[in-house]
Structures are given as structure tokens and as C-alpha cells.
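Fold and geometry: a report
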Amino acid sequence: MKKIAVFSSGGDAPGMNAAIRAVVRTANHHDLEVYGIYRGYQGLIEGDIKKLTNKDMANIIHRGGTVLKTARSKEFMTVEGRRKAHSVLEAYGIDGLIAIGGNGTLTGAKVFMEEYDFPIVGLPGTIDNDLYGTDLTIGFDTAVNTAIEAVDKIRDTADSHNRIFFIEVMGRHAGFIALNTGIGSGASDILIPEEMETMDELISALSTVKSRRKLFNLVIVAEGSGLGDIQEVAKQVQEKFPEREIRVAIIGHLQRGGSPTAIDRVLSSRLGYAAVNAMCDGKKGVMLGIKNGEISEVPFEDAIHKQKRVRADLLQVAKVLAS
Ligand code: F6P
């Protein structure tokens, strides 16, 4: 192995820059040439590639986003798109890839690796924390901290006006951000896709806190919660509690930006370092992650298809502390 390339793909996540930096510097430490592919798989297809040096990686560890940019490529989902990508890699003489991204990124990596027997090591880069085989994904900790900071501010105004607030956080298919934000911000209820709550259960949760004379309520809702559109949910709750004032806040893409936390910087640095070492050891088709503080290794197949469950004890903590 003489030349490797690194790219980020799918939704950006704070800490991706720290991971890219770690890949480049570790590769150079092993006297490997390292290239950056810009705009993920789409940039690979279009040959948007540049050699990276240690110096290029200066002053980025603290920055959110990704210096390599990112994209969700439809073309890479086609046989022809992947053929073009492979010919670009051949033209540059690249022997291995390090892919940083979420489920879609790893799915693309698996298909490509199987088609061309091309060595790829994946790193879990998504704020959603929804990849099997790792306790944490790059960007999750920062996103939760950002969401909690936003909810703290909403709490001030909710408290002043005695209002019920429904606050939507990211997570189309997973409730990790919502659950952690809800516990960390003392929410009255948390709605996540993994634990479908009915409208009656939501009303009953709000009635319980009402009976404690709690004057304001924060309900944290994951994008993909089973109850549907958050505005609709708020409307239905308003009908049940006509005397209450209800507002909705959607935190949205704020959660994807900002300077990574210490946890994300250290995690990303460790993973980037481990990815290059794994590649030098001949590993491929695996995503690296972190389990009980140790670097873990999980086949793409499992990372993509096995479902990571929310911790039952966290669900219990959320319930007990809200009541
Ligand atoms: O996968 C990460 C994520 O941030 C999801 O939580 C969210 O639903 C989605 O990306 C938003 O994607 P986009 O930036 O393409 O709107």
C-alpha cells in the first residue's frame, strides 16, 4: 500500500475535520501518500482529488463541517457511476480508501468494494449515532450539546410564559439525539421512533406533570417520531389543553454545525489514526468505532444492517426523572 485517499460523504458532522487530519498525518507518518477526495462519491466520479500534506491539515481540528466538502451522490448508486469512480482511482494509483460518513456512505463503500475488490475502511461520521458496532459516531456528542444549549434557551422563554414547547431535533430514523437531549435538558416527555408513543400516552404524560403544578413543559421530539408532523402533534395537544399556550421550535441544521466538543475531537483523532493502521494491516470492509473506550471493528454488513438499539436504562431514566 503506497497511496490512500480519504473522503467525507452524506450529512456533515462536527469532528470530520479532526478525523481527516488524523488520517492524513498518520498516513504521512507511515510514508504513505495521501489524497483528499472532495464532495464524497460525486467528487470521486468527477476526479475532484488533491494530494494532502500535514501542513494542509493545520488549523482545522476545531472546525465544524468538512474541509473535503460532502455530497449525497445519486450517480454513485449506478453501475456506470461506480465504473467511472474506479477508473479515477486507477488513474491516480490509489490503493485504498478511507470513507467517513453514515449508513449511505458505508452502503456505497460495501457495494464498491464487492464490485472491484477495492480495500475500504469506514469511519462512522453522522450526528445521528445510528450505526451498529460503535457506542458513538463522529459528531453525535457535539450535536447533543448544541441541542441542549438551544433547549436551555427555549426553557427560559417557556418558563416565563408558562408554555408547552414541542422541540424537534434531528434523527429521521433514530432517537439517540432526542433521548440524550431530553434527559440532559429535563424534558417532560421525549418522542422517538424506537419507542412509539401514542397521542393518549403523550396527553397522559403532560397531564401527570400538570398535576404536579408544573407550569411549563418541554417535549423533545425526534424528526422521525411515530406521531407524525410536529405542528400536527402540537395542534392535537392544544385541543386537549385549550387553556395552555403551545409553541413549536425546530432546531434543524444548527445541530450539524459548530466546533466539535472535546469528546468528538478525541474520538475522531483516535478513529482516523486507527483507520490508517487498520489499512496498513490489510483490513478492509470494516467500519471502526468505539466500544467501552476501545477501538472496535465491525463488518460493513453489520454496521449497515444491524439495528443499534437505544439503551433501555436511558429510556427508564428519562421516564422516572420526568415524572
Ligand atoms: O443523517 C444526518 C441528518 O442530519 C439527519 O438527522 C437529518 O434527518 C438529515 O441528515 C438531514 O439531511 P439534509 O441535510 O440532507 O437535509
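Residues numbered from 1 in each chain as written. Predicted model: local features only at pLDDT ≥ 70, side-chain atom pairs only at ≥ 80, totals over all residues. Heavy atoms only, no water.

For the rest of this paragraph, the subject is the sheet that holds strand 8 (residues 217-222). Here 4 strands make up an open sheet; going across it, the order is 7-8-6-9 and the pairing parallel. The open sheet has two edge strands with one neighbour each: strand 7 (189-191) and strand 9 (246-250). Adjacent strand axes in the sheet meet at a mean angle of 20°, parallel and antiparallel pairs treated alike. Pairing between strand 6 (residues 164-169) and strand 8: 6 bridges, direction parallel. Bridge pairing links Phe-166 to Val-219 in strand 8. (Pairing = 2+ DSSP bridges. Helix = DSSP H or I, 4+ residues; strand = E, 2+ residues; numbered from the N terminus. Axes fitted to C-alpha atoms, helices over the stretch in contact; angles between N-to-C directions.)

At a closest axis distance of 11 Å, the pairing of helix 3 (residues 79-92) and helix 4 (residues 103-116) adopts a crossing angle of 70°. Judged by the inter-axis angle, helix 3 sits roughly perpendicular to helix 4. Viewed along their axes, helix 3 and helix 4 form a crossing whose handedness is right-handed. Between helix 3 and helix 4, the residues in contact are Arg-82, Arg-83, Ala-85, His-86 and Leu-89 and Val-111, Phe-112, Glu-115 and Tyr-116, respectively. When grouped by side-chain class, the residues that make up the contact of helix 3 with helix 4 number 5 nonpolar, 1 polar and 3 charged. (Parallel < 35°, antiparallel > 145°, perpendicular 65-115°, else oblique. Left-handed = near helix turned anticlockwise from the far one by under 90°. Contact = heavy atoms within 4.5 Å. Nonpolar A, V, L, I, M, F, W, Y, C, P; charged D, E, K, R; others polar.)

Let us now look at the domain arrangement of the protein chain. Taken domain by domain, the protein chain comprises domain 1 (3-139 + 260-305) and domain 2 (142-256). A C-alpha centroid distance of 34 Å is found between domain 1 and domain 2. In this complex, domain 1 contributes 13 residues to the contact, which on the side of domain 2 involves 11 residues. Taken together, the two surfaces of domain 1 and domain 2 that pack against each other cover about 970 Å², and 52% of this comes from carbon and sulfur. Summed over the shared surface of domain 1 and domain 2, the number is 1 salt bridge. The salt bridge involving Arg-256 is made with Asp-12; its shortest N-O contact spans 2.7 Å. Inspection of the domain 1/domain 2 interface yields 5 residue pairs in polar contact (both at pLDDT 80 or more). When grouped by side-chain class, the residues that make up the side of domain 1 that touches domain 2 number 4 nonpolar, 4 polar and 5 charged. (Domains from an automatic or database assignment. Buried area = accessible area lost by both parts, 1.4 Å probe. Salt bridge = Lys/Arg side-chain N within 4 Å of Asp/Glu carboxyl O. Polar contact = N/O pair within 3.5 Å; in protein donor to acceptor, adjacent residues only side chain to side chain.)

With a phi angle near 60°, Asp-31 is a residue other than glycine that sits in the positive phi range. Judged by relative accessible area, Asp-31 falls into the exposed class, the value being 71%. Of note in this structure, Asn-162 is not a glycine but carries a positive phi near 55°. Within the secondary structure, Asn-162 is located in the loop between helix 5 (140-161) and strand 6. The class for Asn-162 is partly exposed, based on a relative accessible area of 34%. (Buried < 20%, exposed > 50% of the residue type's maximum accessible area, 1.4 Å probe, protein only.)

Let's shift gears to the site of the ligand. What surrounds the ligand is the set Arg-72, Ile-127, Asp-128, Met-170, Gly-171, Arg-172, Glu-223, His-253 and Arg-256. Interatomic distance of 3.3 Å between a backbone N/O atom of Gly-171 and an oxygen atom of the ligand. Residue His-253 places a side-chain N or O atom 2.9 Å away from an oxygen atom belonging to the ligand. Out of a free accessible area of 410 Å², the ligand has 77% covered by protein chains. Class assignment of the residues belonging to the shell around the ligand gives a composition of 2 nonpolar, 2 polar and 5 charged. (Near = heavy atom within 4 Å. Areas by Shrake-Rupley, 256 points an atom, 1.4 Å probe, with all protein chains shown as cover.)

Residues Val-317, Val-320 and Leu-321 make up a contiguous nonpolar surface patch of about 270 Å² in total accessible area. As for its position among the elements, Val-317 is in helix 11 (residues 312-322). (Patch = residues over 30% accessible without salt bridge, like charges linked within 9 Å, V, L, I, M, F, W, Y side chains within 5 Å.)

Moving on, we get to the sheet that holds strand 3 (residues 49-51). One open sheet accounts for 7 strands, arranged 3-2-1-4-5-10-11; its pairing is mixed. Sheet topology places strand 3 and strand 11 (294-299) at the edges, where each strand pairs with a single neighbour. Strand after strand, the sheet turns through a mean of 25° between neighbouring axes, direction not considered. Against the sheet, helix 4 touches strand 1 (3-8), strand 4 (96-101), strand 5 (120-124) and strand 10 (286-291), its axis set at about 155° to strand 4.

For the rest of this paragraph, the subject is helix 1 (residues 16-29). With 14 residues, helix 1 ought to run about 20 Å at 1.5 Å a step, and its terminal C-alpha atoms sit 20 Å apart, in line with that. Inspection of helix 1 places Met-16, Asn-17, Ala-18, Ala-19, Ile-20, Ala-22, Val-23, Val-24, Thr-26 and Ala-27 among the buried residues, and these make up the whole buried set. If you follow the buried residues of helix 1, they end up packed against strand 1, strand 2 (33-37), strand 4, strand 5 and helix 9 (262-280). Looking one or two residues past helix 1, Asp-31 carries a phi angle of roughly 60°, positive in sign. (Expected span 1.5 Å × (residues − 1).)

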